[in-house]
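The lines below spell out each chain.
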Amino acid sequence: MQSAQQARQAPPVGRALRVLLGLALMVYVAPVYFQVPARVSVGSLLLIVGLIGIYSVLHMAVSQRIVPLGSGFGAIVANGLLVVLYFIGATGLPIVGGGKGALAAVTFLGISLVVAGVRAAPGCEVMAIPGLLFGKRTELACLIFSPLDRLERKLRSKRRG
């Protein structure tokens, strides 16, 4: 029988997939920072700091139950922010446009996936950095990894039993 602590951690295959996908995204996006103008690179890095701030506020709101988001809906909101930033990054809007938003979104997701995998954080990977900063995990589902984690736990429990 698995302990409560193990049930609150991502299983080994899920962890490995998070780290591998995160590293792949970072390897993919890293050269872009050297190919674009410095203002785009700096703007993207500043947007990442802003994302950490926004997700930290979301983390506090969800963990303190200030905003009653269900796990699935919360994950859609959390990931939706990154998707919106990615797509408006292709526009000419100030601050986020000219590729800055897209570059920041992909970089933030890559870093978050690695942090989530290393910390064995189950659930919404974009909440992994605030979870690291505050020392508390956010109970939001991950649209991709939560179903895979459930399947892995189910297969492991069948194998043991």
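The paragraphs below set out a description of the structure included in this document.

Conventions and cut-offs
- Residues numbered from 1 in each chain as written.
- Predicted model: local features only at pLDDT ≥ 70, side-chain atom pairs only at ≥ 80, totals over all residues.
- Heavy atoms only, no water.
- Helix = DSSP H or I, 4+ residues; strand = E, 2+ residues; numbered from the N terminus.
- Buried < 20%, exposed > 50% of the residue type's maximum accessible area, 1.4 Å probe, protein only.
- Contact = heavy atoms within 4.5 Å.
- Areas by Shrake-Rupley, 256 points an atom, 1.4 Å probe, with all protein chains shown as cover.
- 1 Å grid on protein atoms, 1.4 Å probe; cavity = no way out; pocket = protein on both sides within 12 Å on 5 of 7 lines; lining within 4 Å.
- Points joined across faces, edges and corners; volume = space filled by probe spheres on them.
- Expected span 1.5 Å × (residues − 1).
- Salt bridge = Lys/Arg side-chain N within 4 Å of Asp/Glu carboxyl O.
- Arc of directions from axis to C-beta.
- Axes fitted to C-alpha atoms, helices over the stretch in contact; angles between N-to-C directions.
- Parallel < 35°, antiparallel > 145°, perpendicular 65-115°, else oblique.
- Left-handed = near helix turned anticlockwise from the far one by under 90°.
- Nonpolar A, V, L, I, M, F, W, Y, C, P; charged D, E, K, R; others polar.

Counting its secondary structure elements, the protein contains seven helices and zero strands. Helices (α) and strands (β) of the protein occur, in sequence order from the N terminus, as α-α-α-α-α-α-α. Across its three principal directions, the C-alpha atoms of the protein cover 55 × 35 × 25 Å. Counting every position in the protein, which comprises 161 residues, the buried fraction comes to 41%. The contacts in the protein between residues at least 6 apart in sequence include a share of 67% that link residues at least 24 apart. Taken as a whole, the protein presents about 9,000 Å² of accessible surface, with 72% of it coming from carbon and sulfur.

Throughout the structure, instances matching the rule amount to one cavity of 30 Å³ or more. Size it by volume and the largest cavity reaches roughly 80 Å³. Of all elements in the fold, only α5 (100–119) and α6 (128–134) reach the threshold of two or more residues within the lining of the largest cavity.

This part is about helix α2 (residues 12–35). An ideal rise of 1.5 Å per residue puts 34 Å on 24 residues; α2 measures up with 36 Å between its terminal C-alpha atoms. What α2 keeps buried is the set Gly14, Arg18, Gly22, Leu25, Val29 and Tyr33. On its buried face, α2 sits against α3 (38–63), α5 and α7 (145–160).

Going through the model one piece at a time under the given rule, you end up with two salt bridges. The partner of arginine 18 in a salt bridge is aspartate 149, with the nearest N and O atoms 2.7 Å apart. In this pair, arginine 18 is assigned in helix α2 and aspartate 149 in helix α7, connecting sequence segments 131 residues apart. The exposure classification of arginine 18 matches that of aspartate 149, with both residues buried.

The next point concerns the environment of valine 42. Structurally, valine 42 can be placed in helix α3. A sequence separation of 95 residues divides valine 42 from arginine 137, and the C-alpha atoms of the two residues are 29 Å apart.

Let us now look at α7. Across its 16 residues, α7 extends 22 Å between first and last C-alpha, which sits within 8% of the 22 Å expected from 1.5 Å per residue. Taken as a whole, α7 has its buried residues at Phe145, Ser146, Asp149, Glu152 and Arg153. Looking straight down α7, one finds its buried side chains confined to an arc of 120 degrees; they lie on one side. Opposite the packed face of α7, turned more than 90 degrees from it, sit the exposed residues Arg150, Leu155 and Lys158.

Between α3 and helix α4 (residues 71–88), the least distance of the axes is 11 Å, while the angle of their chain directions is 160 degrees. With respect to α4, the element α3 is oriented roughly antiparallel. Along this stretch, α3 crosses α4, giving a crossing that reads as right-handed. On the side of α3, the interface is formed by Leu51, Ile54, Tyr55 and Leu58, while α4 contributes Ala78, Leu81, Leu82 and Leu85. Of the residues contributing to the contact of α3 with α4, the split by class is eight nonpolar, no polar and no charged.

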